[in-house]
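Each chain, letter by letter, is given below.
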Amino acid sequence: MRKSGVLTLFVLLMLVFVSTQNLAAAGLGSSRIGLGLGTPNAVLIYRPTPFDLRLGYDFTEGSQFIFISGDWRPAGYIPISGPLYCYFGLGAYAKFYPESSADDVVEWGTRLPVGISLLFLDNIAELFVEVAPGFDLYPKPAFSDDPVQFWVGLSFAIQ
């Protein structure tokens, strides 16, 4: 990937981070930070309500990529029973293949995240399971090599 592409990606991520922090500071929700394990292998999660932002890496031999996603969760934390909640949303993702020798080192598409959360310790900690079917839009519209993204993770509320 060229330096200009990496710089553009970094600036875009910083703009998203700053704008979502402003929403949380304005009283429109709280933020959470956490880690998810699954497909891709590991992701760092930042959740300024009502958004979900992920940055991760897939360590699978021969198919390593950097993963970035952003979701809007209009229905977050719908009560099921006691401390058990569900959520769903709409989002986008991108995969960057830094070791690829081909011209297409980027893939991106849409995703529909659905999850179940268990909030505990006075809603400070969250254990979650999320499934997100995805559809590639670039370089060509098709189901992805990994058509379903899946994570089990833990997040914590931050102030």
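Above this note sits the structure.
Residues numbered from 1 in each chain as written. Predicted model: local features only at pLDDT ≥ 70, side-chain atom pairs only at ≥ 80, totals over all residues. Heavy atoms only, no water.

A separate point is the side chain of Arg 73. Within the element layout of this structure, Arg 73 appears in strand E4 (residues 65-81). Leaving out residues up to four positions away in the same chain, Arg 73 has contacts with Arg 47, Pro 50, Asp 52, Tyr 87, Phe 88 and Gly 89. (Helix = DSSP H or I, 4+ residues; strand = E, 2+ residues; numbered from the N terminus. Contact = heavy atoms within 4.5 Å.)

Our next topic: the pairing of strand E6 (residues 106-111). Here six bridges tie strand E5 (residues 84-96) to E6, and the two strands are oriented antiparallel to one another. Across the sheet, residue Ala 92 finds its bridge partner in E6, namely Thr 110. Taken together, the four bridges between E6 and strand E8 (residues 125-138) define a ladder with antiparallel strand orientation. Pairing of Trp 108 across the sheet is with Tyr 138, part of E8. (Pairing = 2+ DSSP bridges.)

Take the pairing of strand E2 (residues 42-48) next. Most of E2 sits out of view: five of its seven residues are buried. Inspection of the sheet shows strand E1 (residues 31-39) paired to E2 by seven bridges, in the antiparallel sense. Across the sheet, the residue bridging to Gly 34 is Ile 45, located in E2. Between E1 and the antiparallel strand that follows it, E2, lie two residues. Pairing geometry for E2 and strand E3 (residues 51-58), over five bridges, is antiparallel. Opposite Ala 42, over in E3, you have Tyr 57 as the bridge partner. (Buried < 20%, exposed > 50% of the residue type's maximum accessible area, 1.4 Å probe, protein only.)

Right, let's get into the pattern of salt bridges. Tallying each qualifying case throughout the model produces ten salt bridges. A salt bridge links Arg 54 to Asp 71, with the nearest nitrogen and oxygen atoms 3.2 Å apart. With Arg 54 in strand E3 and Asp 71 in strand E4, this pair connects stretches of sequence that are 17 residues apart. Residue Arg 54 is classed as buried on the basis of its relative accessible area of 3%. Look at Asp 71 and you get buried, because its relative accessible area is 3%. (Salt bridge = Lys/Arg side-chain N within 4 Å of Asp/Glu carboxyl O.)

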